[in-house]
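# Report on the structure
Letter by letter, the chains look like this.
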Amino acid sequence: MSIEPEIVERLTLQPASSSYPGIGTYERAGHTINYSSGLTRTGKSYYDSKSSIPAGYRMSTAAEELAIQLGLERAGQDPREAGVFDDLFARNNLKTYVWPYVWQWTETGLHVPKERDPSKYETDPQGRKYWVRELLIGNEAVGKILVPEGNGRVVVEWDEVSGLPRVTENIDFPHTPYTTHFRFNPAPFKDIGLAIQDVAVERRSLWRRAVDERCLVVAADYWRWVAAPGDGFRPVLNSLPKINFDKHGQ
């Protein structure tokens, strides 16, 4: 498989940390990535897409995609209009594909712990729902996090280590200054080959029945072994970042 477009962008991610009460604390050192400004469409599952990537390349992680997005937002730019996310919004190759939107795989995933009932959730003092999940980088489980409710809710706070939402709220459009919704499947089917309950963390765009503008979406609802014509990824050079997890209170 050829890697197109070329690796033309460079980003330095600052050190980041996050903590989940009763679960543990994450630390990630700063690191630099070289990445493509566009996505490579494969039309393949996560596993098949990953296995065909040439040596030296990899998929971006959810945290790296978030770093690109937050860099734009902190500079006063709307990431929904940024060229680096054009493929998610079908602004490239409109006449090339029946389905012009790219659904972007990342190296990040979520796993239902063996000891957990997938449907069981916890609530915070505000009544918001959270599910305990293992955070996957590639196929490696690095620790557990709390994943908030999806259902298209608006992301109002992020975990910059995982690249996943920290807090979501049910906010009607317009929801300025927020740009991103979250979808989450708390009870996925078991993976056909490995008999595990994993979901990928993807990036897409969303237009909710024409009631609002098309927004960014982080989605943890789609199985890694399923393929769709719009599936793709962002090519990245450099090795995967190291995440340290300090378990406590369990």
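Since the model is a prediction, treat every value here as computed from it, not as a measurement.

The next point concerns the pairing of strand β13 (residues 164–169). Within β13, five of the six residues are buried, which leaves the element mostly enclosed by the surrounding structure. The pairing of strand β12 (residues 153–159) with β13 spans five bridges and is antiparallel. Residue pairing for β13: V154 is matched across the bridge by E169. Taken together, β12 and the strand that follows it, β13, pair antiparallel across an intervening segment of four residues, in which G163 is found at a positive phi of about 85°.

Side chains bearing opposite charge may pair, as long as their charged atoms lie close to each other. With the rule as written, the count across this model stands at 13 salt bridges. As a salt-bridge pair, R234 and E65 come within 2.7 Å of each other at their nearest N and O atoms. Linking R234 in the loop between β17 (231–233) and β18 (235–237) with E65 in helix α2 (residues 62–74), this pair joins segments that are 169 residues apart in sequence. No difference in accessibility class separates R234 from E65, as the two residues are buried. Residues participating in the shared-partner salt-bridge network are D124, R128 and E169.

Considering the arrangement of structural elements, one finds A62 in helix α2. Along the sequence, A62 and G43 sit 19 residues apart, while their C-alpha atoms lie 19 Å from each other. If we ignore the near neighbours within four places in the chain, the residues touching A62 are T106, T108, S162, G163 and V201.

Procedures and definitions
- Residues numbered from 1 in each chain as written.
- Predicted model: local features only at pLDDT ≥ 70, side-chain atom pairs only at ≥ 80, totals over all residues.
- Heavy atoms only, no water.
- Buried < 20%, exposed > 50% of the residue type's maximum accessible area, 1.4 Å probe, protein only.
- Helix = DSSP H or I, 4+ residues; strand = E, 2+ residues; numbered from the N terminus.
- Pairing = 2+ DSSP bridges.
- Salt bridge = Lys/Arg side-chain N within 4 Å of Asp/Glu carboxyl O.
- Contact = heavy atoms within 4.5 Å.

By themselves these figures say nothing about function.
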